[in-house]
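Here is what each chain is made of, one letter per residue.
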Amino acid sequence: MSIQENYNRIITRMIEHVDDGTTDQAESTMQVPVDSYLNEEQYQREMELIFRRKPVLIGLSHELPKPGDYKTITFLDKPLLVVRQRDGSAKAMLNVCPHRGMKVATEDCGHKAVFSCPYHGWSFSGDGSLRGVADREKFGEVDKTGLGLTQLPTYERAGLIFAVLTPGLDVDFEAFLGGMIEDVELLDFANHTYYGQRDMHGANWKVAYDGYLEGYHFAAAHPDTIFPRTFSNIMEFDCYGPHILIGFPQRCIGQLKEVPENERHKHENQGYDFIRTFFPNVSIFVAPELTQIAQIIPGPTPSENRTVVHYLNKDNIEGEAREELIKTIDWIWKVVEEEDYGLGLKVQQGLESGALENVVFGRNERGNQYFHNWVNYLLADDPKAEPPVM
């Protein structure tokens, strides 16, 4: 089945759900121990077995438009330097001088052909190779080939840059990202315009991720923003490996009954919306006004995360229209920060209170159940175990 055919199937199911007052459901409810959101030992296992071994989003292609452009970001305990190479590729490396451990690049972003360590002046090319040792005659002999910046496995496709945080780990990016990267590639982000990013502070990374995976909360949490446009608690789920595609019907979805079933995939935002996720740290929402890409970075403690939210638009908007778009971005960011992440922080307080032993995910929260099944599967670290299926 092609991606478009699958969209058509999902859209038809959403129309049926609206007509019947139903939603996509799991076979039963599911309990997840509250300790899963709090326990330091489990958190460290999640970081080791998931975030340091699986591809994670570290940036957007738009952040590095030209060779020599770079960005820095701290992900978990890893200071990263991501540089656009002369051949057009993106390369991620640890932003750590091999001499004494100083960060080689100290700005958030910029453009450089050569990086010079601000501590002792060692210099490095954009590919991370060591160019020169300051006052080498006095320093002594060094093998330059073994003293470059530590390289990380890097993969760029569909306007997104992924890396694996463990140097030298052999990872099949395409096998892991699977059909979801093909799905997102159809959105053509490479030809969109980048309008910057905003930061949000949130709760445990799974509390944050849980919020992206269901529309059960729309009526209660978003009564004046999302709920007037989109049905609450009506969803359709699909997956590509651990990555989840969620369909949310808009209140005008009935108009698509007049559209031939094989043409309905052309009408995203005109009767339905999709949320596309990349396990373990990405949620993508495409709206008519803009695209929002949320990049979850766990920590520094189990009870918090930093989420970087990127904004794209299909058009290069200038003048007063651009100012209006920035106002829209600020408004959407505020909605997510206050109505989603603000609630998430209160959820974290509730979990830490000791009132509960377990949280319960309903049959309607099928995406959340699938997500937690994947977390448990990866934490088991059992090569004989079968991966979860939806």
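*Asks:* Break down the layout of surface pockets for me, citing the residues and quoting the values.
*Replies:* Roughly 1200 Å³ of internal volume is contained in the largest pocket. If you trace the largest pocket, you find 47 residues lining it, with Gly211, His217, Phe218, His222 and Asp340 closest to the centre. Of all the secondary structure elements, the ones that give two or more residues to the lining of the largest pocket are helix H5 (205-212), helix H6 (218-221), strand S16 (272-278), strand S17 (282-286), helix H7 (319-352) and strand S20 (358-361). Grouping the amino acids of the lining of the largest pocket by side-chain chemistry returns 28 nonpolar, 11 polar and 8 charged. Of the voids in this model, the second largest pocket is the one considered here, and its volume is about 400 Å³.

*Asks:* Hey, could you go over the packing of helix H2 (residues 40-51) against helix H8 (residues 366-380) for me, with residue numbers and the actual values?
*Replies:* Axis separation between H2 and H8 bottoms out at 9 Å; the angle between their running directions is 80°. By the criterion of interaxial angle, the relationship of H2 to H8 is roughly perpendicular. Across from Gln42, Arg45, Glu46, Leu49 and Ile50 in H2, the residues of H8 making contact are Val375, Leu378 and Leu379.

*Asks:* Which residues make up the packing of aromatic side chains, and what are the values?
*Replies:* Using the criterion set out here, one finds 15 aromatic pairs in the structure. Across from the ring centre of Tyr37, 5.5 Å away, lies the NZ or CZ of Lys206, which sits over that ring. Lying over the aromatic face of Phe227, Arg251 brings its terminal NZ or CZ to 4.5 Å of the ring centre.

*Asks:* Tell me about unusual backbone geometry, and name the residues and values.
*Replies:* Here the amide bond leading from Phe279 into Pro280 is cis, since omega sits at 10°, within 30 degrees of zero. As for its position among the elements, Pro280 is in the loop between S16 and S17. Note the cis peptide between Gly299 and Pro300, where omega equals 15°. With respect to the element layout, Pro300 can be found in the loop between strand S18 (291-298) and strand S19 (305-313).

*Asks:* How would you sum up the sheet that holds strand S14 (residues 236-240)? Please name residues and give values.
*Replies:* Ordered by their spatial adjacency, 7 strands build an open sheet running S13-S19-S18-S17-S16-S15-S14, and the pairing between neighbours is antiparallel. Only two strands of the sheet have a single neighbouring strand rather than two, namely strand S13 (193-202) and S14. This sheet shows a mean twist of 20° between the axes of neighbouring strands, independent of strand direction. Bridge count between strand S15 (residues 243-249) and S16: 5 bridges; the pairing is antiparallel. Across the sheet, the residue bridging to Ile246 is Ile275, located in S16. The strands touched by helix H4 (residues 173-185) within the sheet are S14, S15, S16 and S17, with S16 carrying the most contacts at an inclination of about 145°.

Definitions and cut-offs
- Residues numbered from 1 in each chain as written.
- Predicted model: local features only at pLDDT ≥ 70, side-chain atom pairs only at ≥ 80, totals over all residues.
- Heavy atoms only, no water.
- 1 Å grid on protein atoms, 1.4 Å probe; cavity = no way out; pocket = protein on both sides within 12 Å on 5 of 7 lines; lining within 4 Å.
- Points joined across faces, edges and corners; volume = space filled by probe spheres on them.
- Helix = DSSP H or I, 4+ residues; strand = E, 2+ residues; numbered from the N terminus.
- Nonpolar A, V, L, I, M, F, W, Y, C, P; charged D, E, K, R; others polar.
- Axes fitted to C-alpha atoms, helices over the stretch in contact; angles between N-to-C directions.
- Parallel < 35°, antiparallel > 145°, perpendicular 65-115°, else oblique.
- Contact = heavy atoms within 4.5 Å.
- Phe/Tyr/Trp six-rings, centres within 6.5 Å; stacked < 30°, edge-to-face > 60°.
- Lys NZ or Arg CZ within 6 Å of the ring centre and 35° of its normal.
- Pairing = 2+ DSSP bridges.

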